[in-house]
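Listed below, chain by chain, are the residues.
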Number of protein chains: 2
Amino acid sequence: MKRISMGDGAGGELMHELLSDHIIPFFPKVQTEVPLDSFDDSAVVDDIVFTIDGHTVKPLIFPGGDIGSLSVSGTVNDISVMGAKPLAIALSMILEEGLDIKTLETISKSIGKYSEISGVPVITGDTKVVEQGAADEMIVTTSAIGKRSPYLDDNLRKAGEYRKVKSRWLTDDNIQEGDAIIVSGTLGDHGVSLLSFREGYGFETELQSDVAPLNNLIEQVMKTGGAVSMKDPTRGGFANAINEWSSKSGIGIEIEEHLVPLSETVVSACELLGIDPLAIGNEGKVVIGCVPEMADEIVKTLRTHPLGKNAAVIGYATSKFENVVLKTEIGGHRILEAPVGDPVPRIC
Amino acid sequence: MKRISMGDGAGGELMHELLSDHIIPFFPKVQTEVPLDSFDDSAVVDDIVFTIDGHTVKPLIFPGGDIGSLSVSGTVNDISVMGAKPLAIALSMILEEGLDIKTLETISKSIGKYSEISGVPVITGDTKVVEQGAADEMIVTTSAIGKRSPYLDDNLRKAGEYRKVKSRWLTDDNIQEGDAIIVSGTLGDHGVSLLSFREGYGFETELQSDVAPLNNLIEQVMKTGGAVSMKDPTRGGFANAINEWSSKSGIGIEIEEHLVPLSETVVSACELLGIDPLAIGNEGKVVIGCVPEMADEIVKTLRTHPLGKNAAVIGYATSKFENVVLKTEIGGHRILEAPVGDPVPRIC
């Protein structure tokens, strides 16, 4: 008899199988513009963008953030990467009996602060208490709604000057031959700093989580124009995000390994721990696919923003390959697969 | 140092204090039509109705329902009682490592079935896995969005033929002198059957949870017209719901105890267990406030529907009292207070 394992929740292949084999087939099929089984960051119905995320990060408070900033940012980012303007957040908290009220207040303050920073209010909520051992301190689930950004149409029109654009939203299936792949900054910071802090490896003194709401940064990119897809590389990291694009868009993607922004600490830590920085979650980064003609402009826009100062073009979509390949600095190629399980559980 | 106790999550006075003192003050104040601190069933922003609920029911499967039917129905009902048409559900599942896949499939089938019954699709979701002891089998959090029902304006216009109506939605503050209080059926069935099943008291052989999506029933009531407030009496039961109306509307409410529909099993069980059936949660009942002139018509409509066959007018709003009073059959009066804690934890 099969039982749920940690890997099933890792955001990689195993989770995809769990959802596709044991959950989604039992739901009625529905016609919406961006449906459940597209596995996009958010769904779209009647031009309302809608998303939900459960947060089980351990510990609740970590270098650079906490479950409150994580919950607000994660949900705001899932709405924003669709090309939408987040309108409001719904907040559900499951509290374990015995949780210190001071901890709850710290998290609530953080939720308030990130709601203020992002400009997205918490407008409804629910709170439950369970006995000890029925939750680990606190689980925070946030849902958000958004409306089509006023800058999305112009952004897509700009892309359309160079080629036909398929989707009305910045979905995973919108990448075509030649499109540039941009990341907004260094990868792996969140997962590595959290793991290091939790396990006491010491890297967290030089490294913090990147947790941040990206709605303003993304708005600037759309004002520049030419973006066709966006994704926040959380669970499963960049490797998972880019493979989703490749398979849903039906096009190969070549990433130049030496162009990928990585902090020295992340490189050292990942070598020591034997984990791949590209397969570890980020909470304040966005991967952008755009028409190649606009790539430099978009990188320039990103770099003028504090959250995008290490932005770089790191590759291109190409039918030379069928999936995602990493080109090493000396010119070799290796396949960059979506992670199967998860190198670091409970980081989001 | 204060710590969270089970009573803080009970939906009564203690929870109200927890939210008002330790959570909500840290959030930025926002102007929306139905805001967070109105503590209504859902919030309204830009005419989108939005709600969220975390479900921690134990056990996952109980007489008449399971955490899947509960999650879909609860969220659909929270949208519907505002006078809105539910459009879509977002589903977050937290799974405990080691959970039997068959259990997950049973719950997923139930979610699918109730999505089908209510006509409200699951369009987006998130799944996490935590290690053993970090969750109790499975936590399901559902969020839903809705749009103003096409029948709400006519319903309110009908009420407006008899008196001025304050709110554009069926909110808690919309009750006025003379308004009739209707319940759609017997109270206490969900909480009593679940408690009995969990503890092995044996009443569950005659009694099942009432869990059901009420969107269709509520639509029929709005087509009849004259309703001004609706609420699904879940945590804290009818006692909590009616006290919310009384305090937010600033009017006393007199309930005639002998008119309250209660099944014989609930009466026997509550006597034996020393709990108040009016303070225990329901998952398929709606409390309706309406102009008195339309009360009989609304009860007639309810009774023609399978989910409303025991509907009854059970009292009236009256400035004779300042809060909620129960009139006993022999003519005595006693105050019906909102429950402080919770007689039965983890029933929703």
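Residues numbered from 1 in each chain as written. Chains lettered and ligands numbered in written order. Predicted model: local features only at pLDDT ≥ 70, side-chain atom pairs only at ≥ 80, totals over all residues. Heavy atoms only, no water.

An unreviewed UniProt entry lists chain A under the name Hydrogenase expression/formation protein HypE, with Candidatus Methanomassiliicoccus intestinalis as the source organism. The record held by UniProt for chain A lists under Sequence similarities (unreviewed entry) the comment "Belongs to the HypE family." (UniProt positions renumbered as here; feature names shortened; annotations may be inferred.)

### Overview of the UniProt feature "domain: PurM-like N-terminal" (unreviewed entry) in chain A
With numbering matched to this structure, UniProt assigns "domain: PurM-like N-terminal" (unreviewed entry) to residues 40–146 of chain A. The distance separating the terminal C-alpha atoms of residues 40–146 of chain A is 15 Å; by composition the span is 30% helix and 43% strand. (Helix = DSSP H or I, 4+ residues; strand = E, 2+ residues; numbered from the N terminus.)

### Quick look at the packing of helix α2 (residues 67–80) of chain A against helix α3 (residues 101–118) of chain A
Residues and elements named next belong to chain A. The geometry of α2 relative to α3 is characterised by a closest axis approach of 7 Å and an angle of 35 degrees between their N-to-C directions. At the point where α2 passes α3, the crossing takes the right-handed sense. Residues I67, G68, S69, V72, S73 and V76 of α2 pack against I107, S110, I111, Y114, S115 and S118 of α3. Of the residues that constitute the contact of α2 with α3, the class distribution is six nonpolar, six polar and no charged. (Axes fitted to C-alpha atoms, helices over the stretch in contact; angles between N-to-C directions. Left-handed = near helix turned anticlockwise from the far one by under 90°. Contact = heavy atoms within 4.5 Å. Nonpolar A, V, L, I, M, F, W, Y, C, P; charged D, E, K, R; others polar.)

### Let's talk about the pairing of strand β7 (residues 138–148) of chain B
Residues and elements named next belong to chain B. Counting buried positions over the 11 residues of β7 gives 10, a clear majority of the element. Across eight bridges, strand β2 (residues 48–55) lies against β7 in antiparallel orientation. Considered in β7, the bridge of G54 is made with T141. Pairing of strand β5 (residues 84–96) with β7, which is carried by 11 bridges, proceeds in the antiparallel orientation. Paired with L95 across the strands is M138, a residue of β7. (Buried < 20%, exposed > 50% of the residue type's maximum accessible area, 1.4 Å probe, protein only. Pairing = 2+ DSSP bridges.)

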